[in-house]
Amino acid sequence: MRARILLEIIGEDGSTIATEAVADLEKASNGAEDLGLSLAEGKALLAATQQRLVEAQVVLWLKERCELGGRRLRSKGSYPVIFRTLFGDVRLKSPRYCLPREERGNGPATISPLRELIPDHIAPERLYLETRWASLVPYAAAAELMADVLPIDSGTNATTVRQHALRAASRLERELTEDRVSFMQDSCPREWQDLPIPEGRIVIGLDGGYVRDWSDRKKNFELIVGRSLPEDRDPRYIGFVHGYDRKPQRRILDHLKKQGVQANQDITFITDGGEEVRSLAEMIGQGSEHVLDWFHITMRLTVLRQFAQGLQHHDRRVGIEMLDALDRIKWYLWHGNGYRSRDEIDGLHLDAEALETDYPKMRKFLTAIREFQAYIASNSASLINYGERYRSGERISSAFVEATVNAVISKRFAKKQQMQWSKRGAHLLLQTRTRTLDGSLRSAFEEWYPGMANNNPRPDQHREAA
């Protein structure tokens, strides 16, 4: 059988502007693979339809802009333009018009109106999909995926996808206009009294991961990622390259404000106690606090218990005393008694230094005790009553951030494959990847291109229409 698919373009007054065949198909019926459109036929149909449709739209749009003050502008030729869309690269002619002398001023003598319509030469939805897929899989895989399912194989490669994705990320970066680093900066406390009562506490977990440096392959640099969990809103991700982002607190403040966090809201930062991430949580808001992650405390205590158990095989009495001291330290820390816990750690350190034993790992045991002693001392202001918080159903651990590190860093930056990154490339990709993972990337594009919001009805809108 033969099939011809026609495209009919109708004007606003209902009249037919053009009718054109966009596909002539000859179809057999010898097997299941012959039924309907094949992928290649579907691509060709979409590409031909897109070419004709865009051409017709551009012609109508240019007709409205080739006149000035009732006079038709004189044409000065045209130059070729490629408009990259989801359904093919559309080749257009961009006309140039001469401006009258009285309209030129100190500006150019000619204008190209099509630049106003397509300044970036790429359709917003294609830019969105390239950015989204490049945030989830390697650039080359994203290019191959788009070429597999869409008629855009010409000109699509890893370099192009990377450039487009980083262009979108750079635009997200430029929107960080907030210069303040805390809710309290340049604000009056009287204004806080007029704020409504906040909905509830928001918990933010921050942690770091390392990737290989492209400029110095023997070194790594740190990515800091986090996840914020409001009680009444959807969670959101945040990420940046430590040291490359000069104002990370500004980024966190902007992140919180986009989630609707108020200056008088309680904010809890849970971190592993590292100096870098701990400094980010300082002075963000009047009701903010930093909590040392219980998970990292117990990990260090577990290491100390393993050394003490090894010591027990050489000196049973001393080993049992060490284990009892570690149990007391853990009990005091669980109940937020920082003074007694530090006192017990100091005593454990003195006893271990005075001990004479042939335990082969005693030096490592002493080093681990000193490190734990310094760790608790530097984070003494971040110790809380973990038991009380736990019984109240509140978070005391950043285990959810460990999963965030794996989701944001490991599965895209491929630590196991030792992928190499520039700091700029990693930082920009983090901006689009975090928004892709929490579902906010589409809303950013809809703010830039409002027409996209009308082309993506949500499931609840379908139900309302039904």
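Look a little higher up for the structure.
Residues numbered from 1 in each chain as written. Predicted model: local features only at pLDDT ≥ 70, side-chain atom pairs only at ≥ 80, totals over all residues. Heavy atoms only, no water.

Novice: Would you take a moment to explain the sheet that holds strand β6 (residues 88-98) for this structure?
Specialist: Whenever strands of a sheet pair, they do so through backbone hydrogen bonds, lying parallel or antiparallel. With antiparallel pairing, 3 strands are arranged side by side in an open sheet as β5-β6-β7. At either margin of the open sheet sits one strand with a lone partner, and together these are β5 (74-85) and β7 (110-111). In terms of strand pairing, β6 meets β7 through 2 bridges, oriented antiparallel. Across the sheet, tyrosine 97 pairs through a bridge with isoleucine 111, a residue of β7. (Pairing = 2+ DSSP bridges. Helix = DSSP H or I, 4+ residues; strand = E, 2+ residues; numbered from the N terminus.)

Novice: Explain helix α6 (residues 158-174) to me, please; I cannot follow it from the model alone.
Specialist: What sets the pattern is the α-helix's 3.6 residues per turn: residues three or four places apart point alike. Its 17 residues place the ends of α6 24 Å apart at the C-alpha level, agreeing with the 24 Å of an ideal helix rising 1.5 Å per residue. Among all positions in α6, only Thr160, Val161, His164, Ala165, Leu166, Ala168, Ala169, Ser170 and Leu172 are buried. In this structure, the buried residues of α6 make contact with β5, α4 (124-136), α5 (139-149), α16 (423-438) and α17 (441-448). With a side-chain oxygen positioned 3.1 Å from the backbone nitrogen of threonine 159, the residue opening α6 is asparagine 157. (Expected span 1.5 Å × (residues − 1). Buried < 20%, exposed > 50% of the residue type's maximum accessible area, 1.4 Å probe, protein only. Contact = heavy atoms within 4.5 Å. Polar contact = N/O pair within 3.5 Å; in protein donor to acceptor, adjacent residues only side chain to side chain.)

Novice: Got a minute to help me understand α5 in this structure?
Specialist: Looking at α5, one finds that the buried residues are Tyr139, Ala142, Ala143, Met146 and Ala147. Looking straight down α5, one finds that the buried residues subtend no more than 130° of arc, so they occupy a single side. Its buried side turned inward, α5 meets α1 (39-63), α4, α6, α15 (399-413), β13 (420-421) and α16. (Arc of directions from axis to C-beta.)

Novice: I tried to follow the packing of aromatic side chains on my own but got confused; where do I start?
Specialist: Pairs of aromatic rings are described using the distance from one ring centre to the other and the angle between the two planes. Under the counting rule described, the total for this entry stands at 9 aromatic pairs. Consider the rings of phenylalanine 307 and phenylalanine 365, whose centres lie 5.7 Å apart with planes at 25°: the pair is stacked. Placement of phenylalanine 307 in helix α10 (residues 294-312) and of phenylalanine 365 in helix α13 (residues 362-378) is noted, with a sequence separation of 58 residues between them. In terms of burial, phenylalanine 307 and phenylalanine 365 fall into one category: buried. Judged by centre distance (4.7 Å) and plane angle (50°), the rings of phenylalanine 413 and tryptophan 421 are tilted. Grouping aromatic residues by their ring pairs yields a cluster made of Tyr128, Phe445, Trp448 and Tyr449. Between arginine 171 and the ring centre of tyrosine 449, over which it is positioned, the NZ or CZ distance is 5.5 Å. In this structure, arginine 300 is placed above the aromatic ring of tyrosine 375, and the distance from its NZ or CZ to the ring centre is 3.8 Å. (Phe/Tyr/Trp six-rings, centres within 6.5 Å; stacked < 30°, edge-to-face > 60°. Lys NZ or Arg CZ within 6 Å of the ring centre and 35° of its normal.)

Novice: How should I be thinking about the side chain of threonine 436 in this particular structure?
Specialist: In this fold, threonine 436 is placed in helix α16. Residue threonine 436 is classed as buried on the basis of its relative accessible area, which comes to 8%. Ignoring any residue separated from it by four or fewer positions in sequence, one finds threonine 436 in contact with Arg132, Ser135, Leu136 and Leu441.

Novice: Help me out: how do you make sense of the pairing of β5 in this one?
Specialist: Successive residues of a regular strand alternate their side chains across the two faces of the sheet. Note that β5 and β6 share 10 bridges and pair antiparallel. Bridge assignment links threonine 85 to a residue of β6, and that residue is glycine 88. Between β5 and β6, which pair antiparallel in sequence order, lie 2 residues.

Novice: Can you help me understand the side chain of arginine 412 in this one?
Specialist: Looking at where arginine 412 falls in the secondary structure, it is placed in helix α15. No salt bridge is formed by the buried arginine 412; the nearest opposite charge belongs to glutamate 130, separated by 12 Å. Only 3.1 Å separates the side chain of arginine 412 from the backbone oxygen of valine 137, close enough to count as a polar contact. The residues touching arginine 412, leaving out its near neighbours within four places in the chain, are Ala134, Ser135, Leu136, Val137, Pro138, Tyr139, Met419, Trp421, Leu429 and Arg433. (Lys, Arg positive; Asp, Glu negative; His and termini not counted. Salt bridge = Lys/Arg side-chain N within 4 Å of Asp/Glu carboxyl O.)

Novice: Explanation requested: the environment of isoleucine 252 in the structure shown.
Specialist: Along the chain, the position of isoleucine 252 falls in helix α8 (residues 248-258). Taking the C-alpha atoms as reference, isoleucine 252 lies 9.3 Å from glycine 239; in sequence the two are 13 residues apart.

Novice: I'm lost on the environment of glutamate 371 in this one. Help?
Specialist: Along the chain, glutamate 371 turns up in helix α13. Since its relative accessible area comes to 49%, glutamate 371 is described here as partly exposed. Note: C-alpha distance between glutamate 371 and arginine 300 (71 residues apart in sequence) is 9.2 Å.

This is a description of form; function is not addressed.
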